[in-house]
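This is what each chain is made of:
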Amino acid sequence: MQPFVYEALPTRVVFGAGTVARLGAEAERLGVRRALVLSTPGRGEAQAREVAASLGDLAVGVHAGAVMHTPVEATEKALQVVGELAADAVVAVGGGSTTGLGKAIALRTDLPQIVLPTTYAGSEMTPILGETRDGVKTTQRTPKVMPEVVLYDVDLTLGLPPSVAATSGMNAMAHAVEALYSKDRNPVTSLVAEEGIRSLARALPGIAADPQDREARAGALYGAWLCGTCLGAVGMALHHKLCHALGGAFDLPHAETHTIVLPHAVAYNASAAPDAMERVARILGTTDAAQGLYELAGRLGAKRALRDIGMPADGIGQAVSAAMAAPYWNPRPIEEDGLRDLLTRAWNGDPPRAWRA
Ligand code: NAD
């Protein structure tokens, strides 16, 4: 066995159905008296208001100002509200965008965070914060942004439309798939990754078939938690770097981009990560991990072409250049021709390249 380093992150996790009822007790446990509840605008805000109402006097207001990719302007506005209301904690109710705002506030104020995730993005389990300034997204890793408590309540996810659940779930799987061939993987994260992929692969078709299937919703949320811990624990590779670059350059939707790119990034890395491929393929009940992921996305009705989510055709060259210009670790060296082939297939929505001779 290879030697390894395993560092457990300190977040307290409460998982179940109806767990939002425990929010007040969790806030009191942290000594919170004046929580500011965060969300995205629109539907997310209505949910956040219900959560704030359940907190009673412990909540001082709702700020529905979270925006995808955590622009610093949105954080500055939120900080102003934190100051005006003298909030002593943030409660983030929503997906990765809302969690990101809570983390950005915690980074600057050290306020405690309680997160109630409503998508499968997994940000609540990571010490990672991506922020956008003048259209440029930069990412940092610091324990200061780790939430104190994550309260998973399956009931909060029942309204997540099946189409969003599908891509959000594939986004979660991407964390675990890359964790299986990560440079700093270890036996514990690999176990967690496999269980996360297994749980999501079983749950997502169940949600597509019946959006009110609570067992399937619970399985997806459980899998998302596990996959999020993988993202927090070990370094990612080509897939995450590519999605980050594509999202930033062409303003593509986060989870959809991950869903489309994942099978192709996996095919690219397959020959250099045979053990990870075998594990993923076995879980998906297939012999080719990349093909299995592509077919799963198809079964879930997810879009499989970057051109269908707003990437221009002439963006492929730009993305290849950006990926080549910023070197990073990957199990297989980053080669220009291979990348162009990967992105062309992903842009067209073609199946991933077969890797076995
Ligand atoms: P999101 O938070 O923007 O949510 C997607 C959409 O779903 C939004 O319109 C939201 O209002 C809606 N929604 C969320 N929950 C819902 C519910 N229960 N019912 C109905 N609608 C609901 O997107 P996301 O994919 O969850 O997160 C993406 C963001 O998170 C990106 O900015 C990404 O960079 C970041 N992220 C960060 C990390 C990290 O570790 N730092 C990890 C993953 C994602």
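The paragraphs below set out a description of the structure included in this document. (Residues numbered from 1 in each chain as written. Predicted model: local features only at pLDDT ≥ 70, side-chain atom pairs only at ≥ 80, totals over all residues. Heavy atoms only, no water.)

1. A closer look at helix H4 (residues 96–109)
Line of reasoning, step 1. Between the first and last C-alpha of H4 there are 20 Å, a value that for 14 residues agrees with the 20 Å anticipated at 1.5 Å per step.
Line of reasoning, step 2. Those residues of H4 that sit buried are Ser97, Thr98, Thr99, Gly100, Leu101, Gly102, Lys103, Ala104, Ile105, Ala106 and Leu107.
Line of reasoning, step 3. Phi turns positive, to about 65°, at aspartate 110, one or two residues after H4. (Helix = DSSP H or I, 4+ residues; strand = E, 2+ residues; numbered from the N terminus. Expected span 1.5 Å × (residues − 1). Buried < 20%, exposed > 50% of the residue type's maximum accessible area, 1.4 Å probe, protein only.)

2. Digging into helix H12 (residues 315–325)
Every α-helix carries 3.6 residues per turn, so stepping three or four residues along brings you back to the same face.
Line of reasoning, step 1. Listed as buried for H12 are Gly315, Ile316, Ala319, Val320 and Ala323. An end-on view of H12 places all buried positions within 140° of arc, on one side of the element.
Line of reasoning, step 2. Looking at the buried side of H12, the elements it contacts are helix H8 (238–250) and helix H13 (336–348). (Arc of directions from axis to C-beta. Contact = heavy atoms within 4.5 Å.)

3. Focus on unusual backbone geometry
Line of reasoning, step 1. Even without a glycine there, the phi angle at threonine 70 is positive, about 45°.
Line of reasoning, step 2. By the secondary structure assignment, threonine 70 is in the loop between strand S3 (59–63) and helix H3 (72–84).
Line of reasoning, step 3. Exposure remark for threonine 70: the relative accessible area of 7% places this residue in the buried category.
Line of reasoning, step 4. The phi angle at aspartate 110 is positive, at roughly 65°, despite the residue not being glycine.

4. Here's the deal with the packing of helix H9 (residues 254–269) against helix H11 (residues 289–299)
Line of reasoning, step 1. Running from N to C, H9 and H11 cross one another at 165°; their axes reach a closest spacing of 8 Å. Relative to H11, the element H9 lies roughly antiparallel. Crossing of H9 over H11 shows left-handed handedness. Of H11, the residues touching H9 (which contributes Thr259, Leu262, Pro263, Val266 and Ala267) are Ala289, Ala290, Leu293, Tyr294 and Ala297. (Axes fitted to C-alpha atoms, helices over the stretch in contact; angles between N-to-C directions. Parallel < 35°, antiparallel > 145°, perpendicular 65-115°, else oblique. Left-handed = near helix turned anticlockwise from the far one by under 90°.)

5. Describing the environment of proline 333
Line of reasoning, step 1. By the secondary structure assignment, proline 333 is in the loop between H12 and H13.
Line of reasoning, step 2. A residue is classified by how much of its surface remains accessible, and proline 333, at 54% relative accessible area, is exposed.
Line of reasoning, step 3. Distance from proline 333 to alanine 46, taken between C-alpha atoms, is 47 Å for residues 287 residues apart in sequence.

6. Here we look at a nonpolar patch on the surface
Line of reasoning, step 1. On the surface, Met1, Phe4, Tyr6 and Val188 cluster together into a nonpolar patch covering about 460 Å² of accessible area.
Line of reasoning, step 2. Among the secondary structure elements, phenylalanine 4 is positioned in the segment before strand S1 (12–16).
Line of reasoning, step 3. Here phenylalanine 4 falls in the partly exposed class, since its relative accessible area comes to 39%. (Patch = residues over 30% accessible without salt bridge, like charges linked within 9 Å, V, L, I, M, F, W, Y side chains within 5 Å. Areas by Shrake-Rupley, 256 points an atom, 1.4 Å probe, with all protein chains shown as cover. Salt bridge = Lys/Arg side-chain N within 4 Å of Asp/Glu carboxyl O.)

7. Overview of the state of the cysteines
Line of reasoning, step 1. Going through the model one piece at a time under the given rule, you end up with zero disulfides.
Line of reasoning, step 2. Not part of a disulfide, cysteine 227 finds its nearest cysteine sulfur in cysteine 230, a span of 5.9 Å.
Line of reasoning, step 3. Its relative accessible area of 0% is what places cysteine 227 among the buried residues.
Line of reasoning, step 4. The exposure class of cysteine 230 is buried, given its relative accessible area of 0%. (Disulfide = S-S within 2.5 Å.)

8. Description of the site of the ligand
Line of reasoning, step 1. Taken together, 22 residues sit near the ligand, with Ser97, Thr118, Thr119, Thr126 and Lys137 positioned nearest.
Line of reasoning, step 2. At 2.9 Å from a nitrogen atom of the ligand is found a main-chain nitrogen or oxygen belonging to isoleucine 128.
Line of reasoning, step 3. Here a nitrogen atom of the ligand and a backbone polar atom of leucine 156 are 3.1 Å apart.
Line of reasoning, step 4. Protein contacts shield 83% of the accessible area of the ligand, which totals 860 Å² for the unbound molecule.
Line of reasoning, step 5. Contributions of two or more residues to the shell around the ligand are made by helix H2 (43–55) and H4.
Line of reasoning, step 6. Looking at the shell around the ligand, the element that brings in the most residues is H4, giving three residues. (Near = heavy atom within 4 Å. Polar contact = N/O pair within 3.5 Å; in protein donor to acceptor, adjacent residues only side chain to side chain.)

9. What to know about the nonpolar core
Line of reasoning, step 1. Grouped together as the largest cluster of nonpolar side chains are 55 residues, with contacts concentrated most on Tyr120, Met173, Ile197 and Val266.
Line of reasoning, step 2. For this core, the elements supplying multiple residues, two or more each, are strand S8 (149–153), helix H5 (162–180), helix H6 (187–209), helix H7 (214–233), H9, helix H10 (274–284) and H11.
Line of reasoning, step 3. Among the elements that line this core, the one with the most residues is H5, at 10 residues.
Line of reasoning, step 4. Sequence-distant contacts of methionine 173, that is, excluding residues within four places in its chain, are made with Ile197, Leu200, Ala201, Cys227, Leu293 and Leu296.
Line of reasoning, step 5. One finds Leu246, Val261, Leu342 and Leu343 within the second-largest nonpolar core, a separate group that totals 23 residues. (Core = buried A, V, L, I, M, F, W, Y, C linked by side-chain atoms within 4.5 Å.)

10. Considering the sheet that holds S1
Line of reasoning, step 1. Strand order in the open sheet made by the six strands is S1-S8-S5-S4-S2-S3, with parallel pairing throughout. Pairing within the sheet leaves two strands with one partner each, and these edge strands are S1 and S3. Averaged over all neighbouring strand pairs, the angle between strand axes comes to 15°, with direction disregarded.
Line of reasoning, step 2. As judged from the five bridges shared by S1 and S8, these two strands associate in the parallel manner. Bridge assignment links arginine 12 to a residue of S8, and that residue is valine 149.
Line of reasoning, step 3. On top of the sheet, H4 reaches strand S2 (35–38), S3, strand S4 (89–94) and strand S5 (113–117); it is set at about 165° to S4, its chief contact. (Pairing = 2+ DSSP bridges.)

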